[in-house]
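Understanding the architecture of this molecule
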Amino acid sequence: MAPAAAADQEGREPVVLALDGEFGLTNSTSAEAIERGILTAIDDINRQGGVLGGRPLTLITREHRSISARGIKNIRELATIPDLVAVFGGRFSPVVIEELPVLAQTRTLFLAPWSSADAIIDNGMEPNYIFRLSLRDSLAMPFLLSRAADRGLARVGLLLTNTAWGRSNLEAANRHLAGRKGPELVGTAWYNWRDRSLIDKYKALADDGAQAILLVANDDEAAVLVREVAALPPAQRLPILSHWGVTGGDFVGQAGPALRQVDFSVIQTVNPFRIPPERLAPLLETAGRLFGIRRPEDIVSPVGFLHAYDLTRILALAIERAGTTDRAAVRDALEQVGPYRGVTRDFDRPFAPGRHEALGPDDLLMARFNADGVLVPVD
């Protein structure tokens, strides 16, 4: 923090932000990535004088370990904290969906930098206290299906997690395919969290004629599948086009050398290698000082980090616009903020009344893990 800013902020009550994430979950990196993105933005904002005439932003964290009951308890407790403006969520859509009634009841402002289920925004709240700068399943599944078609993969099978997130993606796929000629959906297979083998479900889809697998999974189960597919004869290894949950944990480490034997690509909304260097440099300067993140390849779980950074900056602009920490006033201000020049991209208005999704279909890309385990864009 610059000395003048530090002096101005001494003794001023902080404005509190919170993160309710999957800290403590084995192999997960998503909550930490989101936390680092928020803290990087907070450091930049505070060094520039904070908000509301010099009040510093501060972050508190809670962990739910992907257990909905923990998340609900966390939201109830966080909602009672004076001067808490907003809660950021983590990677897991099912947890956020279960938290929605409490968020509505307490009118707690909630920002989603990762979780993608449609129901998180399409929640029936009036007014809606949930805002998302992230992927949405009804964008993700059409994009994955279209990329399969672009590669000449005319018959696909869906391999889905048996959760609200998996069901959200099935609904999105069916909506997209209704009335279209292709690609053809030959079958859907479901697996459960912590399943130790997915190969029978994979083979069933292959037997139904799938030329590619569209996978909705997090890192643990996806790594299991990749290791099993790599053990098959090469002719039986179908391309896998994956949703982005795999990027929220140590997928590369868990998959091991098998990952280089499988045609595996994953949807993303942003990639640090696609950000102009002059725009990324200020963020890396702060993140390098705080966390040793000095290069694009140092950013672990990049969508969580970059989305959280931009969401925090947008939230600070809304607090300034509202002139208060009152959540209802900040909620209204979030619908009016803009223009905003972000690292994810530039926005005329990130949000608007009736539109609480910041990103759209033009923000999507595919990426692959290179030999060093770094996620790089696919041209």
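Each remark here, short or long, concerns the structure printed above.
Since the model is a prediction, treat every value here as computed from it, not as a measurement.

Some thoughts on the packing of helix α11 (residues 302-322) against helix α12 (residues 327-334)
Where α11 contacts α12, the two axes come as close as 8 Å, and the packing angle between them is 115°. Our classification of the angle between α11 and α12 gives roughly perpendicular. Here α11 and α12 pass one another in a crossing that is right-handed. For the pair formed by α11 and α12, the contact residues are Ile314, Leu315, Ala318, Ile319, Arg321 and Ala322 on the first element and Ala329, Val330, Ala333 and Leu334 on the second. Split into classes, the residues belonging to the contact of α11 with α12 amount to nine nonpolar, no polar and one charged.

Brief notes about the packing of aromatic side chains
Scanning the entire structure with this criterion turns up five aromatic pairs. A network of ring pairs unites the aromatic residues Phe251, Phe264 and Phe369 as a single cluster. Cation over ring: Arg147 sits above Phe143, and NZ or CZ is 4.5 Å from the ring centre. The positively charged end of Arg331 is found above the aromatic ring belonging to Tyr129, 5.9 Å away from the centroid.

With respect to the nonpolar core
In terms of nonpolar packing, the biggest core is built from 129 residues, with Phe251, Phe264 and Leu315 touching the most fellow members. For this core, the leading source of residues is α11, giving 11 residues. Apart from the residues within four sequence positions on either side, Leu315 is in contact with Leu17, Val85, Ala86, Phe88, Leu109, Leu111, Val330 and Leu334.

Some details on the sheet that holds strand β5 (residues 130-132)
Ordered in space as β2-β1-β3-β4-β5, the five strands form an open sheet in which the pairing is parallel. Since the sheet does not close on itself, it has two edges, and those belong to β2 (57-63) and β5, each with one partner. For this sheet the average axis-to-axis angle between neighbouring strands, irrespective of direction, equals 25°. Note: strand β1 (residues 15-21) against β2, seven bridges, orientation parallel. Across the sheet, residue Val16 finds its bridge partner in β2, namely Thr58. Packed on one face of the sheet, helix α4 (residues 93-106) meets β1, β4 (109-112) and β5 and runs near 160° to β4.

What counts and what doesn't
Residues numbered from 1 in each chain as written. Predicted model: local features only at pLDDT ≥ 70, side-chain atom pairs only at ≥ 80, totals over all residues. Heavy atoms only, no water. Axes fitted to C-alpha atoms, helices over the stretch in contact; angles between N-to-C directions. Helix = DSSP H or I, 4+ residues; strand = E, 2+ residues; numbered from the N terminus. Parallel < 35°, antiparallel > 145°, perpendicular 65-115°, else oblique. Left-handed = near helix turned anticlockwise from the far one by under 90°. Contact = heavy atoms within 4.5 Å. Nonpolar A, V, L, I, M, F, W, Y, C, P; charged D, E, K, R; others polar. Phe/Tyr/Trp six-rings, centres within 6.5 Å; stacked < 30°, edge-to-face > 60°. Lys NZ or Arg CZ within 6 Å of the ring centre and 35° of its normal. Core = buried A, V, L, I, M, F, W, Y, C linked by side-chain atoms within 4.5 Å. Buried < 20%, exposed > 50% of the residue type's maximum accessible area, 1.4 Å probe, protein only. Pairing = 2+ DSSP bridges.

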